[in-house]
Structures are given as C-alpha cells and as structure tokens.
Amino acid sequence: MLKRTLLGAAVASALFAGAATAGVVAITSSPSLEANSPGALEQYASPQVNYKAGLSVESGAGLESAAANITLAQEIFGNKSEESTFELPSVTYVIDPTKAAMAEEGHTVKLTLGRTVVRFAKAVTPNQIQIAGLAEGTGFTIATGSGSSDNVLELRLNREGADQVKRSHTIHFNFRTPSSLDGTPAKVTNMRAPLQGDATFVSGSWNPKVSLLEDPLNELRFEVTVSAQFDTTTGTVGGDPANNDSAEPLKIFTSLPAVYWDVLSTNQYGQHRVLHPLDLNNQDRSFDASVSVGSANSASYGSNYARLGAVRLGINKDVLNEAGRTVFGFAGGDKVASTLTGNFSGISDVGITSQTCEEFAAAPSAAVKYWNAAAIKAALDGQGNATLPVSFDNANINQVYNVCVKASGSVPMQALQRFDVGDLKVDFENVRYVDRTIPGNRLDEFWKNSCVASLFNLPSSSVSDQFFIRLTNTSDDGRNGKVRGILFDQNGKRYPATGSSYLVDSTGKTELKAHETGVYTVTEVAKAFGVDGSSWNGVNGRARLVLEGEFPTCEALGLIRSANGTITNMTSTTQGNFNEDGSSTSENHKAGNNRN
C-alpha cells in the first residue's frame with residue numbers, strides 16, 4: 001500500500017506538472033488562514049516563518065496562533081498506536097477562479113492525505129461534503145474514499161456541481177459533521193507511529209513499548225498533510241491539463257513531545273565566586289550571611305537556608321491527548337517520579353516549594369515536597385549522601401519550584417556537597433503510550449571550604465623582621481576567587497567577631513586567578529581586620545590567621561625576611577585542600593587542614 005501511494009503521488013505530480021499552483025486548502029473554521037495556506041510565503045507549517053511549534057487549533061490556543069494544525073503528543077504513539085483513530089478537521093478547498101471556470105460534468109476533485117502513512121478510518125459520507133451554494137451531498141458522487149483502505153477522497157462532479165464550482169470555486173469538506181452512517185465525524189487511522197522512525201525519541205524511553213521499523217522514506221517526524229487537486233482532463237468533456245488546479249499540502253496533524261523536565265540551576269559551578277559560604281565562626285553549622293554570594297538575596301539565601309536551584313515539570317499545554325480533542329495530561333495511574341541526590345550532612349530540612357527559601361525556612365512542612373530530618377537520616381549513607389525520591393502529578397505541572405535546604409545548626413556541613421536532580425521517569429498506565437526518561441542535571445555545589453590555610457606565627461609590624469604571606473591559587477580548573485579569613489590574637493580574641501573579612505594583597509589584587517599568587521604583609525592583614533598591626537591591638541605576641549581561598553586548592557607560605565635578607569619559612573600547615581576524592585572527611589582530605 002505504501003508503494004502504491006508513492007506511485008500515485010508520482011503520477012499526480014506528473015499530471016499537474018507545469019500547472020501554476022493557485023488553489024489553496026485551509027482549515028475551514030478560519031477563512032483568514034486561506035491566505036496563508038501552502039504556496040504562500042507565510043504558510044502555517046514548519047519551517048515557514050509563521051510556524052509556531054506546540055500550538056494546536058484544537059486546544060483553545062486560537063486559530064490566529066500561527067499554527068494551522070492539530071498537534072498530538074508524541075508519547076501517545078506507542079504499541080499498536082496505528083489502531084488509534086483521530087478526528088479530521090474540516091477543511092476548505094478554494095480552486096483558482098480561472099481554473100474553476102473550466103469545470104464540466106465528469107471532472108474530479110481529489111483530496112489526498114499524505115506524508116505519514118495514513119488512511120481514512122471509515123467511509124466519508126456525502127453529507128460531509130458541500131460545494132458552496134448547494135445543499136450538502138449534492139452536485140457530486142464519491143468515486144473513492146468510500147472505504148478504510150484509502151488515503152484519497154475523490155469526487156466526481158455532475159452537471160449541477162460543475163456549474164456551481166464555476167460560480168463559487170469553493171468546496172467544503174465538513175469532516176466534523178456527523179456521518180449519515182454512524183453519526184460520528186470523519187476519522188483517520190493507520191497513522192504510522194513517529195517513534196517507529198524516530199530513534200532519538202525511542203532511545204529516551206526507559207521501557208520502550210514500540211520497536212523500530214525500517215523506514216526507507218526517512219519519515220522521522222509524524223505529520224499528516226492534506227492536498228487538493230482539480231482535474232479537468234477526466235470525464236467525457238476532458239480538457240487541457242493546463243486548466244488543472246493543485247493546492248500544495250497543508251499540514252493538519254503534527255506531533256511534539258508533551259512532557260518536559262527542566263532543571264533550572266542558577267548556581268552552576270564556577271558561575272559565582274562563592275556559592276554558599278559556610279560560617280567559620282559557627283564551625284560550618286550555618287551559612288555566612290556576611291559574605292557575598294553572587295546574585296543571591298535574602299529570599300533565597302540566609303544564615304540557615306539556601307536555594308540550590310529550581311525544577312519544572314512541563315506539559316505542553318497545546319499538545320493533545322490520544323483522543324486528539326483534549327489537552328494532554330497525566331492519568332491517575334501514571335507514575336511520574338524523579339530523585340534529589342546529594343550530601344545532606346548538616347541539613348535538617350529539604351523542600352521543593354513554590355515559596356521562597358526564606359519562607360521555606362520559616363515553615364518547612366508547607367513545601368509541596370518535603371523531607372524532614374528523620375526522612376533525610378533514613379536515606380543517608382555513611383558519608384552523608386542520600387537519594388530522596390519525589391513524585392509528581394497534574395497538580396505540579398508547569399510550575400517552577402525552588403529547591404531549598406535548611407541547615408540544622410548543630411551538625412557541620414561538608415566542605416563539598418553536590419546536589420543533583422535525577423532523571424524524570426514517566427511510566428504511563430496506558431500500555432499504548434511510550435514511557436519516557438528525561439535527563440536530570442546538576443543543581444548546585446557547596447564549594448566553601450575547599451581551600452584553607454592556617455598561619456600561626458604572625459609577628460606584629462613593629463618588629464625588625466618583615467613578615468609576609470604568599471598565597472597561590474593552585475586550581476587547575478581556571479576558577480578565580482577572592483581571599484577571606486579570620487584573625488585570632490594571642491589571647492584568642494576573634495576578628496571579625498562573626499563571619500569573615502576579605503583581604504586585598506599588597507599590589508591591590510582583590511582576587512586570584514588560577515595559579516596566581518597574592519602577597520599579604522602584616523599591613524594588609526591588619527587593614528582587613530581593622531586592628532593595630534603594630535601591637536595586635538595591644539596584645540602583642542604572635543597572631544594566628546586562617547585564610548580561605550574561594551577556589552578548590554591553594555598553597556600558603558608564611559615567610560619572614562630578616563634584616564640581613566635571610567628568608568625563613570614559618571609555615572606550620574601549608575594547605576587545606578579538597579582533592580575531590582570523596583566527601584569531606586579526614587581520610588579523604590589528603591592534604592589535611594580542612595576544618596571539617
């Protein structure tokens with residue numbers, strides 16, 4: 001049947017070769033679409049300029065939505081989908097008036113369904129066809145299209161019909177009018193599943209219910225077109241083929257994926273200098289709200305809460321369900337699930353919420369999806385990692401949800417904590433549908449304490465020896481970052497009292513590039529913390545400085561240059577780097593001075 005259809009198309013092409021394409025076919029209910037039908041510059045079909053993917057004339061988007069087609073969900077084309085039937089839209093064929101003037105008894109009008117393999121599901125009855133100005137079902141006989149094996153509907157004009165075509169040159173195919181045989185609209189069936197030729201879509205199914213078929217025509221996209229022809233060479237008064245009229249195909253059915261899974265991370269690694277800095281003063285049990293975190297604000301970031309990113313379960317609102325007349329949505333038995341994975345050490349509450357993270361911290365249980373300390377603990381492994389399952393339904397579609405965490409305030413958070421949203425798995429209850437797996441993505445990472453250097457022997461600036469620090473950003477990933485820290489005098493007083501302060505080196509550098517070195521003298525250190533460096537605010541003795549580089553790895557040297565020029569390394573511990581070989585534990589910090 002496929003080969004015969006192709007042969008028929010070739011014959012039709014030869015028959016109308018050389019004839020100007022003047023007629024148009026358009027969806028009947030919007031006459032304004034006729035001017036934009038095939039052959040015009042603004043045809044409402046891909047890839048024409050006015051085509052807008054995902055808007056269907058059936059779903060309330062409106063006929064002026066720049067999509068003169070019915071868009072079906074690709075998910076519905078699974079096992080035995082060729083047995084499904086879809087109601088045809090009513091269409092109008094406007095014949096070129098010059099050609100219509102040549103109409104005679106015996107001439108024919110053909111309406112052809114093309115592109116994807118498709119057939120009329122049943123006979124089209126005469127009452128569903130009207131030559132403008134005549135009563136429905138008069139002025140013609142149906143030559144073909146009277147059975148379910150046809151993709152061509154052919155009308156043969158009688159004398160009355162030919163005369164009316166000359167006057168009105170318009171034929172309405174009112175497929176939505178109930179058939180005189182069974183009282184239902186005209187339908188199509190045997191529509192070839194797009195997934196049978198779309199390896200990309202099928203490969204995304206974790207449990208595919210359709211096998212790939214050979215596709216010699218390379219029909220990778222499901223679509224149905226309708227084209228129309230007026231043939232003046234038939235009948236007893238056959239004329240010149242130059243008087244024939246042909247309307248190029250108008251796309252009436254197409255398909256798009258209905259389900260989308262968006263992981264919206266605004267805190268991707270490397271985007272901000274500090275994503276969620278931990279508070280050194282509180283031993284990493286809370287966030288340091290005094291340190292800038294890029295574009296974050298109080299709605300998404302505070303001392304006990306942080307926004308990791310956002311997720312969105314999208315359903316294309318203008319893609320239709322199996323019936324072809326209703327908007328796609330999940331059924332009660334459909335299973336739609338994903339996961340939130342990460343290191344939840346020091347986290348007491350996790351939520352997926354339509355509110356801000358500030359509001360979440362105030363009332364965690366109000367979140368749409370919520371895990372309390374007990375639920376998190378039950379899922380934790382020995383390293384603080386957990387996978388939290390999350391399910392969705394129609395109440396959750398097309399909403400952007402913040403993913404928020406709340407610090408426990410009693411257990412330290414880790415130096416490196418990564419959070420991922422897993423793949424979305426859609427297991428449809430309808431066995432004809434194609435189950436989907438849509439990839440997830442990284443949400444956020446806590447790169448806070450990845451580089452820590454402690455220096456224990458800072459003399460005051462009043463001594464003859466000149467003290468200075470050389471801190472090098474040894475990161476290989478090209479990440480730049482600022483340098484901040486805290487200072488303790490010999491009596492243990494902390495500067496600043498809470499949070500930490502940024503340091504500027506002796507040449508004015510506010511941040512260090514990868515493999516760049518900053519030099520900090522006692523003068524720069526004292527200025528950063530607002531103390532008298534000549535006596536450490538009267539305490540004298542030696543101060544202790546904890547530096548933190550906002551980049552993965554660093555090396556620090558505390559050096560003293562004596563009056564005779566001799567340089568002595570006074571560094572006790574040179575580094576506290578995270579080597580990305582596991583979670584932040586003592587055995588995994590090979591270079592060993594991380595505070596965790």
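All of these numbers come straight from a predicted model, not from anything done at the bench.

Enquirer: What am I meant to see in the pattern of salt bridges here?
Expert: For side chains of opposite charge, pairing can occur when their charged atoms come near one another. Under the counting rule described, the total for this entry stands at 11 salt bridges. When the shortest N-O distance is used, the salt bridge between D182 and K122 registers 2.8 Å. Placement of the pair is D182 in the loop between strand 10 (170-173) and strand 11 (187-189) and K122 in the loop between strand 6 (119-120) and strand 7 (129-131), with a sequence separation of 60 residues. Owing to a relative accessible area of 43%, D182 belongs among the partly exposed residues under this scheme. Here E154 and R156 are joined by a salt bridge, their closest N and O atoms 3.9 Å apart. Overall, E154 belongs to the buried group, its relative accessible area being 13%. We classify R156 as partly exposed; its relative accessible area is 32%. Each member of the salt-bridge network shares a partner with another, and the members are E104, R159, D163 and K166.

Enquirer: Just checking my understanding: could you explain the nonpolar core for this structure?
Expert: The nonpolar side chains of soluble globular proteins are, as a tendency, buried together. Of all hydrophobic cores here, the largest spans 85 residues; its most connected members are F173, F175 and V259. Apart from the residues lying within four places of it in its own chain, the contact partners of V259 are E75, L313, G314, I315, F328, F330, L424, V426, R436 and I438. Membership of the second largest hydrophobic core comes to 26 residues, among which are I469, V483, L503 and C554.

Enquirer: Just checking my understanding: could you explain the pairing of strand 33 (residues 543-549) for this structure?
Expert: Along a regular strand, successive side chains alternate from one face of the sheet to the other. In terms of residue burial, strand 33 counts as a mostly covered element, since 6 of its 7 residues are buried. Across 6 bridges, the pairing between strand 28 (residues 481-488) and strand 33 is antiparallel. What sits directly across from L487, in strand 33, is L545.

Enquirer: Honestly, the sheet that holds strand 27 (residues 466-473) in this entry has me stumped. Any pointers?
Expert: Pairing between sheet strands relies on hydrogen bonds along the backbone, with the strands arranged either parallel or antiparallel. The strand order across the open sheet formed by 4 strands is 32-27-34-35, and the pairing between neighbours is antiparallel. Taken across any chain shown, the strands that pair with only one partner, and hence form the sheet edges, are strand 32 (517-521) and strand 35 (567-569). Strand-to-strand twist in this sheet, taken as the mean axis angle between neighbours without regard to direction, amounts to 30°. Judged from the 5 bridges that link them, strand 27 and strand 32 form a sheet pairing that is antiparallel. What sits directly across from F468, in strand 32, is T521.

Enquirer: Explain the packing of aromatic side chains to me, please; I cannot follow it from the model alone.
Expert: Pairs of aromatic rings are described using the distance from one ring centre to the other and the angle between the two planes. Going through the model one piece at a time under the given rule, you end up with 10 aromatic pairs. The interplanar angle of 85° and the centroid separation of 6.1 Å between the aromatic rings of F328 and F428 together place this pair among those described as edge-to-face. With F328 in the loop between strand 16 (305-315) and strand 17 (335-343) and F428 in the loop between strand 23 (424-427) and strand 24 (436-438), this residue pair connects regions lying 100 residues apart in the sequence. Aromatic ring contacts, followed pair by pair, group F328, F330, F428 and Y433 into a single cluster. Cation over ring: K482 sits above Y502, and NZ or CZ is 4.9 Å from the ring centre. In this structure, R544 packs its charged tip against the face of F488, placed 4.4 Å from the ring centre.

Reading guide: rules and limits
- Residues numbered from 1 in each chain as written.
- Predicted model: local features only at pLDDT ≥ 70, side-chain atom pairs only at ≥ 80, totals over all residues.
- Heavy atoms only, no water.
- Salt bridge = Lys/Arg side-chain N within 4 Å of Asp/Glu carboxyl O.
- Helix = DSSP H or I, 4+ residues; strand = E, 2+ residues; numbered from the N terminus.
- Buried < 20%, exposed > 50% of the residue type's maximum accessible area, 1.4 Å probe, protein only.
- Core = buried A, V, L, I, M, F, W, Y, C linked by side-chain atoms within 4.5 Å.
- Contact = heavy atoms within 4.5 Å.
- Pairing = 2+ DSSP bridges.
- Axes fitted to C-alpha atoms, helices over the stretch in contact; angles between N-to-C directions.
- Phe/Tyr/Trp six-rings, centres within 6.5 Å; stacked < 30°, edge-to-face > 60°.
- Lys NZ or Arg CZ within 6 Å of the ring centre and 35° of its normal.

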